Each structure stands twice: as structure tokens, then as C-alpha cells.
Amino acid sequence: MKLKGWSLGLTTLGLVLVVFSLVWLLAIFPAMAKMPTDYEREYTFEGFIKQLNSETMSLDEIPTNVVRLLTATGTQDDVLLLKQEVNFYHAQAGILLTSSSEVYGLDRTTRENVSGYGDMDRSGQFTFPAGVEQKTYTFWSSSAMTTLPANFVSEETFQGITVYNFKIDSENLDAGTLEGTGLLQTMDVLTEIKVEPVSGVPVYTASTTTVKAPLLPGDPIPIYVNYFAFTSETTDGMVDTATSARSMILWATVYGFWIVIGVGAALIVVGVVMAIRTKE
């Protein structure tokens, strides 16, 4: 009787572990992996802007620093409301050049923009989802105020971790008319993103936006260029975040999951074997 009780207990415990593992993988962890309702992150960029000097017809360069602060302000219908504040500074003088603030909605799982929430309607991806694939994603571009394709380019090792490289390379986008002239402007957007594929955390990005206008005979000429890239401090911080997130996801959904499944299956087998022996 004692052996029979042990066999039943081991079998039951094994079944509990197997069921719990499946519930964890399919229900509990996906809920935990959503973007948190207290999400807050600050990104810093460095770069420059170039503006056309109408007297010399050349581009004057101004070094810039950019601070982008993202703060969750609540949820609505499980859509995360995210406030974005962006401040452009003159890198040498420390003077605030421009600033903007907007609130938009995000899907907490797919990290896609959700229209109809906040004060800014967006579409496409806000950032990459967990489990990044080697395919084309559609991203929202604040410069072009539309979605643009981010194409997978390559895989590499960056600061000790595996990353996927994506590129947005869109040319001759509609940029309205040049103020005071009525001349049609076009815009080129070139963005490179390095993302850790398991977590979906971007560890580096650099972007160049070029606005052109037909001020001279021939092809349109650049009248404004804005370049910015993650600072080394932001890159290092994002690499640390990606490394931690990757480890947590792998242990929660792969290593730990299969270890518990394996232990549960072993207990079931031992319990069944003991039950068979009690009958002999």
C-alpha cells in the first residue's frame, strides 16, 4: 500500500508539473511579457542638422543632442498610452532648439501602434516585438509622418550579442511645399537598426532625414539634413537590457520550460512503473 501511495503521488506531481508548464508557457508568461503599465525609458542621441544658407547656397552644420523620454500614462482597453517628449539641443551652446510632446496608443504584446488613442494617430510598429523574424517590418516614421518598410539586411555579433540588422531606405517621399515658394519638397529617410532578436530590444539606431527642393536647375538639392544616432551610453544600456531580457525569456520559455516538463515526465514514468510493480 505504501508503494502504491508513492506511485500515485509521483504520477500526480508529474502531471501537475507538466500542466503547470503548459499553462505558464501559453497563458502566464505571455501576460507577464506585455509592455508594463509603468513603462518609462529615456534615450539620448547625438548628431547634427544641416540647413541651407540662402546667401552661400551651402549647408550650415549645427551639432545636436537629442533626448527622447517615453512614459506610460495609463491603459485604455488594454492599449498602453505612451507619452513621448523629444527635445533637440544645440550640442555646443546647450540651447533648446525645438521640442515636441505627443501621446499615442500601443499594443502591449505586438508593440504596434494602435490608432484612435491619445492625441496622435500612428500605424505600423512602435518597436520590434519579441521573437524578431528575418523579414520586413512596417515602422512608423515621425519624419515622414507615415509608415515605411524596415528590411532585414544581415545578422552579426555586436558588443558580444547576436543582433539582426534592419534598414529603412525610402526616397522621394512627399514633404509638402517649401514655405513662401510653393516648390514641391521631397524627403529621403535612411535608418539603420540593430535589434536583439529574442527580446526585440533595439540596441543601436542611426537615422538620416534629407529634405530636398528644386531651387536650382537640374535635380532637387538638399536644403535640410537631420542625422542622429544612439549615444554610447544609450547603446551600452540597451545592450545590457537586451542581454537580461534575452536570458529571462529563454529561461522562462525554453530552458526552464523543458527542464520542468522533463522532470514532470520522469516523475510520471517512475510513478507508472511503481504502480505496475505493485500489481505484480
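Further up the page is the structure itself.
By convention here, each chain's residues receive numbers from 1 onward along its written sequence. Per-residue local features of the predicted model are confined to residues with pLDDT of at least 70, and side-chain atom pairs are confined, for both listing and counting, to 80 or more; whole-chain, interface and lining totals are unaffected and use all residues. To get the side-chain values, all heavy atoms of the structure are used, and hydrogens and water are removed first.

Colleague: Please explain a nonpolar patch on the surface as it appears in this structure.
Modeller: Only residues above 30% relative accessible area that lack a salt bridge enter a patch, with like-charged residues linked at up to 9 Å and the nonpolar side chains Val, Leu, Ile, Met, Phe, Trp and Tyr linked at up to 5 Å. Computed with a 1.4 Å probe, the accessible areas rest on the Shrake-Rupley method; for each residue, only the protein chains presented here act as cover. Throughout this description, the term salt bridge denotes a Lys or Arg side-chain nitrogen within 4 Å of a carboxyl oxygen of Asp or Glu. A cluster of nonpolar side chains, contributed by W251, V254, Y255, W258, I259 and V263, occupies part of the molecular surface with about 620 Å² of accessible area. Inspection of the secondary structure assignment puts V263 in helix 2 (residues 232-279). Labels follow the DSSP assignment, with helices taken as runs of H or I lasting at least four residues and strands as runs of E lasting at least two, numbered in each case from the N terminus.

Colleague: What is the right way to read unusual backbone geometry from this model?
Modeller: Apart from glycine, the bulk of residues carry a negative phi angle, and the bulk of peptide bonds sit in the trans form. Even without a glycine there, the phi angle at M57 is positive, about 55°. Relative to the assigned elements, M57 resides in the loop between strand 1 (40-53) and strand 2 (58-76). Positive phi, normally seen in glycine, also occurs at M145, with a value near 55°. Residue position: M145 is located in the loop between strand 6 (137-141) and strand 7 (146-158).

Colleague: Would you take a moment to explain the packing of aromatic side chains for this structure?
Modeller: Each aromatic ring pair is described using two quantities: the centre-to-centre distance and the angle formed by the ring planes. What counts as a ring pair is set by centres within 6.5 Å for rings of Phe, Tyr and Trp (its six-membered ring), and what kind of pair is set by the plane angle: stacked under 30 degrees, edge-to-face over 60, tilted for all other angles. What the rule picks out here adds up to 13 aromatic pairs. With a centroid separation of 6.1 Å and 50° between ring planes, the pair formed by Y104 and F126 is classed as tilted. Of this pair, Y104 sits in strand 4 (residues 96-107) while F126 sits in the loop between strand 5 (113-118) and strand 6, placing them 22 residues apart in sequence. Residue F126 is classed as buried on the basis of its relative accessible area, which comes to 12%. Relative to Y204, the ring of F158 lies with its centre 6.3 Å away and its plane at 45°, an arrangement referred to as tilted. A residue pair is termed long-range when its members are at least 10 positions apart, and F158 in strand 7 and Y204 in strand 10 (residues 201-213) qualify at 46 residues. Think of it in three bands: residues with accessible area under 20% of the maximum for their type are buried, residues over 50% are exposed, and the middle band is partly exposed, with areas taken using a 1.4 Å probe on protein chains only. Looking at F158, the relative accessible area reads 16%, which means it is buried. An aromatic cluster is defined as three or more aromatic residues linked by ring pairs; in this entry it consists of Y43, F45, F158, Y204, F228 and F230. The rule for a charge over a ring is simple: NZ of Lys or CZ of Arg within 6 Å of the ring centre, and within 35 degrees of the ring normal. Positioned over the ring face of Y137 is K135, at 5.0 Å from the centre of the ring.

Colleague: How should I be thinking about the pairing of strand 3 (residues 79-90) in this particular structure?
Modeller: Remember that side chains alternate between the two faces of the sheet whenever the strand is regular. In the sheet, strand 2 pairs with strand 3 via 12 bridges, with the strands oriented antiparallel. Note on strand 3: the bridge partner recorded for L69 is E85. Note: two strands are recorded as paired if DSSP finds a minimum of 2 bridges between them. In the sheet, strand 3 pairs with strand 4 via 11 bridges, with the strands oriented antiparallel. Directly across from K83, in strand 4, lies its bridge partner V103. Here strand 3 folds back onto strand 4 in antiparallel fashion, the turn holding five residues, of which G94 has a positive phi close to 70°.

Colleague: Just checking my understanding: could you explain the pattern of salt bridges for this structure?
Modeller: Any two side chains of opposite charge can pair, so long as their charged atoms come close to each other. Applying the stated criterion to the full structure yields seven salt bridges. With a closest N to O distance of 2.4 Å, E156 and K194 form a salt bridge. You can see E156 sitting in strand 7 and its partner K194 sitting in strand 9 (residues 184-196), a full 38 residues away along the chain. By relative accessible area, which is 28% here, E156 ends up partly exposed. Note on K194: relative accessible area 17%, which makes it buried. Notably, a salt bridge pairs E196 with R246, separated by 3.6 Å at the nearest N-O pair. In this pair, E196 is assigned in strand 9 and R246 in helix 2, connecting sequence segments 50 residues apart. Judged by relative accessible area, which is 1%, E196 ranks as buried.

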